[in-house]
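Breakdown of the fold
In case you want the letters, here they are:
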Amino acid sequence: MKNSASPLPGLYTWFIRLGLSPWLTARERADLTADVEELRHAYRRTLGSRGLSRYTWRQLLQYPIRLTANQGDRSTMDSVWQDCRYAARMLIKNPGFTGIAVLVLAVGIGANTATFTLMNALLLKPIVAEAPHELVALYSKNLKLPDSFRPISYPNFEDIRELNTTFSDVLAHDLRTAGLREGDVTNRVFAEIVSHNYFDTFGVAPFRGRFFTPAEEVPDSNEPVVVVSYEFWRQRGEDPDLVGKSINVGGQDLTVIGITPRYFTGRIAILSASVYVPLGMERLVSGFGGSTGSSLAERNNHRLFLVGRLLPGVSMEDADARLAALASRMEESFPEINESQTIIVGPLSRLGISTEPSDGDGLGLVAALMLGMTGIVLLIACINLANMLLARGAARRREFAVRAAIGGGRLRILRQLLTEGLFLSLLGGAAGLVVATWANGLLAASLGEVLSNLGFTMDIVLRTEPDLRVLLATAGFCMLGTLAFGLGPAWQQSRPDVMAAIKEQTGDASGQGRGGPLGRRNLLVVSQIALSLVMLISAGLFVRASLKAANIDPGFRLDNGILVEVDTSLVGYDDAQSKDTYRRLSERLQSIPGVQAMSVAATVPFGAVSSGRDVRRAEDQPTTGGDGSEEIETVRARSNIIGAQYFEALDLPVLRGRAFTATETASDAGPKVAIIDELLAESLWPGQDPIGRFIGLGRVRDPEGGDEIEVVGLVPSISEDIFPAERRPHVYRPFGQNFQAAMNIHVRADSITDDDARAAMLQTIRREIRAVDGRLPIISLRALEDHIAESASLWLVRLGATIFSIFGALALFLAVIGVYGVKAYAVARRTREIGIRKALGATTSDTLRLILRESMLVAAAGLGVGLVLGAGVASLLASLLYEVSPYDPVAFLASTAVLALAAFVATYLPAQRAASVTPVTALRAD
Amino acid sequence: MPQQEVLGGFEHQVLLAIARLDGETYTVPIVLELQQRTGREVASASVFVTLRRLEKRGYLSSRVAAAIPGQVGRPRRMFRLQPAGVAALVEAREALQNLWAGVALENIARS
């Protein structure tokens, strides 16, 4: 063989270079590399490749031990194995101790791993795309209006794609909803409409089949093709022949031409559309706001979102400059449409698609907070374990002293103890990983449930299986834990104090165990109680917030309300068919006995979709600002499109003026009218009667004056969501003048006395809708109360409360174990003292009082520190709490009381046992 | 106790192995020699550490030798037995011989 013909496999060399570097000089590293290489060569034939690999690793792993120990010669003694064997023996010999320690660590490490896994999936794990850092979002920005952005039209997209010098490729897409018919059920699924180069720009290849062609992208080309997601394919039995079959989307049969690669989620993380259709099929998928009725080919139909892949070496700043030049050329070509518009780029948001750049997703704070909280859980777990190890170490003092006496160095004992700690950590870490994976599975399922409650089927690609990052983090938590709980006790116990320890019969060594209120273990108890109180207070605050949110007063009546959601566009109806369907539905539902009122509504309170409009006084003239831009005062209001009996259905009185007439809600004949709520009236015309006045919509005046809308009614304000907590202004317009395909129907029944009556009413409504149109998909049908209880924002608040309650409960559990363990141990060590006290005449209750007084002093110190810390943490949480003061006395008092009680019980049991000991038994002890 | 350096058991073995290998050699042959002669697996880490300790005490000297042409490997560190090392070996042998003198294990085992 030639010189250097067999270079070391990379991992070994790497281990020698980095893994051993703390112990080796440069000279020794070079020597060792040569040695290992030749040894491997020498053994290659006799050991075979697997044996060789095992041999090499075993040999290499001994280096750190030998090099650190480097004391005396233990020729055949394989000390690392000895340590490990010994550690394993110690752990097996004390199954109770080991079990509790592993449980405690599993909780601590599991909580951290679970949180980290989630954060990893949400924030860190890159989206499935080639070189994701090169991908940027494009935004169309109005230079004259501050913070005004809009989507981009198809012709403008084509110009940008063809003319830019910034990107290697640019894609266009929009996330819509579509009806997917399977059998006789139509489900609403998320659908992406995409340009033909959508997948190419992301740099992904189809799992099966092919992606789109340029011809399929051309607006209104209507090529019946569809790409489905990997999840879609997986959930439908992994049909090997799915490509080539057809599925029914939006009432039309489309041929499946391809399947996306596994884990592909487009530009955002975690959630993916189920189907992808080319831009040419845009009319098939309705979109949240309904079809605009105009073709994508029109330059002023701004509907698309753009993502570009930056050319190599082009920074975001360069891109902005180049795109500004392109935008001004586009403005010259189409001044009336592209006036004052420029194009900027920004990083892709991980969680949303928006017309404007987002500054982070606000998740950073939540992530930091949750990791902070789980960090505290780990800390408590470690303190707990440190306590247990200290207690056990005291029992092992003689063992260590003997070892020291026969020449065991301090380092050796330290190493032994840390090895035991590491074993515990690794066991705990493994258990924690299982706990974490299970917990995140639950979370993903819960997320899927809330989405389906919203009437959507969306593919959740929450990859909770641990990846390298998670494993490393878990290993990191283990190491951290080992050092945190193991080092202190190990250091203390390895102190050579041979004579004292061997001579000592029983009782306490100086400064250990009892140590007065400020003894080492008492300090640990104080910090444990303090940290647990912090967790409990946080949990209490979140629970209070979720209760507040669940009992929100929306301003309208919930009982006897029923909500139906239907969408005529999902089965491909055009506007005329849809209007006719809704008219017939209204007649039919109103005729059901027991129905008081029914009304269509575009958006519902606590729904997934809301819509906002800028409202202004129609008589206002724009003022010209200093920079030449025109400004006009507007009020942002929630907008809804409703039927005639809407306010009856919600049991809201019309305060002044009138509700919409049947004519207004059925046809677009007649003057345009609107109803506003008190908040909007107060903003537009403070202290005046709004009835008979006119409003305009949008931030720009319509030069023809056609947007003047007469205010015909005034209603009370309502809450449509729990965030933000304060109510927002509302503007209502009639269905007939503002048609859209996806509608909700509010029904108010006379009185629903019990669950059976409700179920019967729901059944009747379902039957009647089927009778009107058997094809019409009923996306949801349930009581208004259930709808609100299952809404996404309440789910979020409840989730926060649940997670923090779990953390709080874990902290409490750990604290109780900790306090109990320490107390049980401390009083056991004091048996002799107690015996003497009793022999001298102390009664059982005297003794009990003595022990309890000492313990409660420690607990009180912990609670005091915890209250101060808790107040600090609470002020950090303030922004996340719904309508609850961060210093909410109920949360603070309740948490303190619970913890105090738990600490008392944890102390009382061992104290009671110790105090009831008879003097004779006590004095004989040990 | 005055710091009189006593040759430890494994150090003794390593020095002997070097002596058997003509007084100058490097880690790998020592490991192989020890395994062959003692019939036990020897941790290369122990040999590695022991060689350095013996060098520090002046029993061995070392130099870097170029790789042997036609063989695998890189430049390696060769260790040579020094007079102090030889003296230590002699002393250890005498100590052992003194201890062995007159010991009849067969009789003890029988009784």
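Summarised in this report is the structure supplied together with it. Note that the structure is predicted; figures quoted are calculated from it, not measured. (Residues numbered from 1 in each chain as written. Chains lettered and ligands numbered in written order. Predicted model: local features only at pLDDT ≥ 70, side-chain atom pairs only at ≥ 80, totals over all residues. Heavy atoms only, no water.)

**A look at the environment of A:Glu720**
Residue and element names in this part refer to chain A.
- Here glutamate 720 shows up in the loop between β24 (709-715) and β25 (730-734).
- Taking C-alpha positions, glutamate 720 is 9.0 Å from arginine 638, a pair spaced 82 residues apart along the chain.
- Discounting residues that sit within four places of it in the chain, glutamate 720 has contacts with Thr603, Val604, Pro605, Phe606, Arg638 and His730.
- A polar contact of 2.7 Å, which involves the side chain of glutamate 720, links it to the side chain of histidine 730. (Helix = DSSP H or I, 4+ residues; strand = E, 2+ residues; numbered from the N terminus. Contact = heavy atoms within 4.5 Å. Polar contact = N/O pair within 3.5 Å; in protein donor to acceptor, adjacent residues only side chain to side chain.)

**Some remarks on the sheet that holds strand β2 (residues 60-65) of chain B**
Residue and element names in this part refer to chain B.
- Pairing within the open sheet is antiparallel, and its three strands lie in the order β1-β3-β2. Of all strands in the sheet, those with a lone pairing partner are β1 (24-25) and β2, marking the two edges.
- Sheet analysis places β1 next to strand β3 (residues 76-81), joined by two bridges and oriented antiparallel. Directly across from glutamate 24, in β3, lies its bridge partner arginine 80.
- The sheet strands contacting helix α1 (residues 9-20) are β1, β2 and β3, and the helix crosses β3 at an angle near 95°. (Pairing = 2+ DSSP bridges. Axes fitted to C-alpha atoms, helices over the stretch in contact; angles between N-to-C directions.)

**What about the pattern of salt bridges?**
Residue and element names in this part refer to chain A.
- Inspection of the entire model under this criterion finds 38 salt bridges over all chains.
- Salt-bridge contacts for glutamate 565 lead to arginine 188; the nearest nitrogen and oxygen are separated by 2.8 Å. Of the two residues, glutamate 565 is situated in strand β15 (residues 561-567) and arginine 188 in strand β5 (residues 185-194); the sequence distance between them amounts to 377 residues.
- When its relative accessible area of 8% is taken as the criterion, arginine 188 is described as buried.
- Taken together, the shared-partner salt bridges in this structure form one network comprising Asp580, Arg583, Arg584 and Glu587. (Salt bridge = Lys/Arg side-chain N within 4 Å of Asp/Glu carboxyl O. Buried < 20%, exposed > 50% of the residue type's maximum accessible area, 1.4 Å probe, protein only.)

**Some remarks on the packing of helix α23 (residues 792-829) of chain A against helix α26 (residues 889-915) of chain A**
Residues and elements named next belong to chain A.
- In contact at an axis separation of 9 Å, α23 and α26 are set at 25° when each is read in the N-to-C sense. If you check the angle between α23 and α26, you find them roughly parallel. As for how α23 packs across α26, the hand of that crossing is right-handed. Contact residues: α23 offers Leu812, Ala815, Val816, Val819, Tyr820, Lys823, Ala824 and Val827, while α26 offers Val898, Leu899, Ala902, Ala903, Ala906, Thr907, Leu909, Pro910, Arg913 and Ala914. (Parallel < 35°, antiparallel > 145°, perpendicular 65-115°, else oblique. Left-handed = near helix turned anticlockwise from the far one by under 90°.)

**Things to note about helix α12 (residues 397-405) of chain A**
All names here are of chain A.
- For α12, the full list of buried residues reads Arg397, Phe400, Ala401, Arg403 and Ala404. Projection of α12 onto a plane perpendicular to its axis shows the buried side chains occupying an angular sector of 160°, all on one side.
- Residue glycine 407 follows α12 closely and has a positive phi angle near 100°. (Arc of directions from axis to C-beta.)

**Here we look at the environment of A:Leu138**
Residues and elements named next belong to chain A.
- Tracing the backbone shows leucine 138 in strand β1 (residues 135-142).
- Overall, the relative accessible area of 5% leaves leucine 138 in the buried class.
- Note: C-alpha distance between leucine 138 and threonine 355 (217 residues apart in sequence) is 8.7 Å.
- Apart from the residues within four sequence positions on either side, leucine 138 is in contact with Ile152, Ile160, Phe167, Leu306, Val307, Gly308, Ile343, Ile344 and Val345.

**Some details on the side chain of A:Thr98**
- Counting through the fold element by element, A:Thr98 comes out in helix α4 (residues 95-124).
- Apart from the residues lying within four places of it in its own chain, the contact partners of A:Thr98 are A:Leu91 and A:Leu424.

**A few points about the packing of α1(B) against helix α4 (residues 83-100) of chain B**
Residues and elements named next belong to chain B.
- Relative orientation of the contacting elements α1 and α4 amounts to 115°, with a least axis distance of 10 Å. α4 is crossed by α1, and the crossing has left-handed handedness. In this structure, α1 contributes His12, Leu15, Leu16 and Ala19 to the contact, and α4 contributes Gly85, Leu89, Ala92 and Leu96.
- Residue classes in the contact of α1 with α4 are distributed as six nonpolar, two polar and no charged. (Nonpolar A, V, L, I, M, F, W, Y, C, P; charged D, E, K, R; others polar.)

**A look at the nonpolar core**
Residue and element names in this part refer to chain A.
- Ranked by internal contacts, the top residues of the largest apolar core, which has 80 residues, are Leu385, Leu424, Ile529, Met535, Ile722 and Leu899.
- Taken together, the elements giving at least two residues each to this core come down to α4, α11 (363-395), α13 (410-453), α14 (468-493), α16 (520-550), α23, α25 (844-877) and α26.
- Residues within four places of methionine 535 in sequence aside, it is in contact with Met373, Ile376, Val377, Ile380, Phe807, Gly808 and Ala811.
- Counting residues in each nonpolar core, the second largest holds 43 residues, with Phe167, Ala178, Met281 and Leu306 among its members. (Core = buried A, V, L, I, M, F, W, Y, C linked by side-chain atoms within 4.5 Å.)

**Structural notes on a nonpolar patch on the surface**
Residues and elements named next belong to chain A.
- Taken together, the side chains of Tyr820, Leu901, Phe904, Val905, Tyr908 and Leu909 make up a nonpolar region of the molecular surface, amounting to roughly 520 Å² of accessible area.
- A total of five residues in the nonpolar patch trace back to one element, the largest contributor, which is α26.
- Tracing the chain through its elements places leucine 909 in helix α26.
- You can call leucine 909 partly exposed: its relative accessible area is 47%. (Patch = residues over 30% accessible without salt bridge, like charges linked within 9 Å, V, L, I, M, F, W, Y side chains within 5 Å. Areas by Shrake-Rupley, 256 points an atom, 1.4 Å probe, with all protein chains shown as cover.)

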